[in-house]
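Letter by letter, the chains look like this.
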Amino acid sequence: MPDIKVVPLGAGQDVGRSCILVTIGGKNIMLDCGMHMGYNDERRFPDFSYITRAGRLTQHLDCVIISHFHLDHCGALPYFSEMVGYDGPIYMTHPTKAICPILLEDYRKITVERKGETNFFTSQMIKDCMKKVVTVNLHQTVKVDDELEIKAYYAGHVLGAAMFHIKVGTESLVYTGDYNMTPDRHLGAAWIDKCRPDVLITESTYATTIRDSKRCRERDFLKKVHESMDKGGKVLIPVFALGRAQELCILLETYWDRMNLKAPIYFSTGLTEKANHYYKLFVTWTNQKIKNTFVQRNMFDFKHIKPFDRSFIDNPGPMVVFATPGMLHAGLSLQIFKKWAADEKNMVVIPGYCVAGTVGHKVLSGQKKIELDKKSIIDVKLSVQYMSFSAHADAKGIMQLIRQAEPKNVVLVHGEAGKMDFLKQQIEKEFGIGCFKPANGETVCMETIPTIAVDMSLALLKRKVMSLEKKDAKRAKLSPHNNHLPVQGVLVIKDTSVRLVEPAQAMKELGLTEHKLRFTSSVILETTVPYHVFIEKLQSQLERLLPNYPVQRVAEGCLSVDDSVLIKISPSSDDVTHEASSCTALVSWTLQEEELGSHVLSLLRDRIIRPVVSLDESSV
Ligand SMILES: [Zn+2]
């Protein structure tokens, strides 16, 4: 049996460093190529030596697919392509291709320029890596080669995030990447065809969360910001231009309106320019509300939120500021943080992850004194809040996607082992399909059942439909799989086409004449009447016993039932005018009339006929 193999190099029973190897129909594909935010050493990248210890990587891998721009899904890509040496194609959507290098460059700067690491990928390597990228549009089938094709579906989550349907022959697989089944304030909900893949590889970050946890986090966030305002504190929200900044702005704007708050909210101008640029460029990837907004006004045209000027840093009184970059490693967000950190009335809300080594990471890990360089040390007295607003599917959403796609097997990645167990049980119970949760380096093999598409002739189809309407109808209703009724015909394989046709049509096409195979059995029938009378009696008896079939005399001493089963009766003695003591009946039929033929034979053989003949005889 053919099978599909899945082995995670990263994100196996873990969140971070997403990298999954898949073997399907003889093709090897790498799904995502991420880095782990929790490590500084070699564990931050997947162990690519697993793919091959000898020979060139490109020969072992048919393509790499990147689901979205988050670093835990693409952070190892330049290392893999430019330093490990993968030369093949890399597929991603247009927004991912536009935003991915900005994040990679940020990440490189922090690692090399701030932390002084050597042996890391360079800016040039990021550029060279991006040259190997082939972009894909949503719902566009892209042929990687003659046999392998991929198709992207909308995943929500972040701008440009996609799920991928991968197909080789009749085998197929879906990789979700990170996705969100409910629309948020700026993106739509993930959606996929009922594509019935053999395997669905899904993230399971919020595998045990059923209720709407995002609402709770949002309420929590608003409550904390409001409390700070009441205390007269200042709130800094360091953001990445294309993360959740837009969502948080919309959230605060509506809250300010509702609560009638007066404290100013600001955003750094760099943020609006970058965000507007990308949202305008990829407006088709956002939700309907944003699309409409763009027609009427600018993304950041808010009533309560105003552009920030550096001179506002020292303004008295409460305020909220959105500033880039998100990890507090440079620029305006770090500048503001330095000014505000020492006041315990203030608060910093970090809405996403921070790479190890950044000020953001140090703040989150609870450091109270942060050394920027030899001269400046920041005293951290303000309140620190971490609130992940990243949009992932919860357990309900994951079940909904499974219902949508109808896979034969599910593989859970990008989640914690314990939480996966809960979800695995749910999936097995509700859908009765296999569910796996491989650890990193552990291979899962899933058998696939090959299917062959066959064109069916119209005549055959009509006959099947008619038979369904008649005698098979009852059986069809009883069967749980109404579409699995057997169909008989002749399979004609010509070049690459496979067709099921009526036998007569097949013979005509192939220039063959029919070779008929008939079964013949003989029965000795005893009788007391003359031969010709016996035949007449036999005919009338058969007519009575087989009321639905015409019984005819077709030749001297020869009867036919339903024009198909033949009965030839020969007298045992040569003298046909005299009463014979016995006759020999030869009953013959073709394979197609097996049922009727053997029935007629059994009627004769079981002597059902003869006593009746005798009875009749006496009544004449
Ligand atoms: Zn993500």
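Residues numbered from 1 in each chain as written. Predicted model: local features only at pLDDT ≥ 70, side-chain atom pairs only at ≥ 80, totals over all residues.

- For the protein chain, the name recorded in an unreviewed UniProt entry is Integrator complex subunit 11, with Stylophora pistillata as its organism.
- Within the UniProt record for the protein chain, the comment given under Sequence similarities (unreviewed entry) is "Belongs to the metallo-beta-lactamase superfamily. RNA-metabolizing metallo-beta-lactamase-like family. INTS11 subfamily."
- Quoted verbatim from the Cofactor (unreviewed entry) heading of the UniProt record, the comment on the protein chain is "Zn(2+)". (UniProt positions renumbered as here; feature names shortened; annotations may be inferred.)

1. Notes on the pairing of strand β30 (residues 582–590)
Right, on to step 1. The alternating pattern of β30 places C583, A585, V587 and W589 on a buried face and S582, T584, L586, S588 and T590 on a face that is not buried.
Right, on to step 2. Relative to β30, strand β29 (residues 565–571) runs antiparallel, the two sharing 6 bridges. By the bridge assignment, P571 is partnered in β30 with C583. (Buried ≥ 20, exposed ≤ 12 C-beta atoms within 10 Å, placed from the backbone. Helix = DSSP H or I, 4+ residues; strand = E, 2+ residues; numbered from the N terminus. Pairing = 2+ DSSP bridges.)

2. Comments concerning the sheet that holds strand β23 (residues 455–456)
Right, on to step 1. One open sheet holds the 3 strands; their spatial order is β23-β25-β24, and the pairing between them is mixed. In this open sheet, the two strands that pair with only one neighbour each are β23 and β24 (490–494).
Right, on to step 2. Contacts from helix α16 (residues 503–510) reach β24 and β25 (497–501), with the element oriented near 30° to β24. (Contact = placed C-beta atoms within 7 Å. Axes fitted to C-alpha atoms, helices over the stretch in contact; angles between N-to-C directions.)

3. Structural notes on the nonpolar core
Right, on to step 1. Within the largest apolar cluster, 128 residues are counted, with the highest numbers of intra-cluster contacts made by I65 and I201.
Right, on to step 2. Here the element with the most residues in this core is helix α4 (residues 94–114); it accounts for 6 residues.
Right, on to step 3. Residue-level mapping places this core at the junction of two domains, with at least three residues from each of domain 1 (3–172 + 410–415 + 436–447) and domain 2 (214–386).
Right, on to step 4. Setting aside residues up to four positions removed in sequence, I201 forms contacts with V6, I20, L173, V174, Y175, T176, V411 and V413.
Right, on to step 5. Core analysis: the second largest hydrophobic core is formed by 19 residues, Y531, V551, V561 and L604 among them. (Core = buried A, V, L, I, M, F, W, Y, C linked by C-beta atoms within 7 Å. Domains from an automatic or database assignment.)

4. A closer look at the domain arrangement of the protein chain
Right, on to step 1. Its domain assignment divides the protein chain into domain 1 (3–172 + 410–415 + 436–447), domain 2 (214–386) and domain 3 (518–607).
Right, on to step 2. Contact with domain 1, which involves 14 residues of that partner, is made by 11 residues of domain 2.
Right, on to step 3. Residue classes in the side of domain 1 that touches domain 2 are distributed as 7 nonpolar, 4 polar and 3 charged. (Nonpolar A, V, L, I, M, F, W, Y, C, P; charged D, E, K, R; others polar.)

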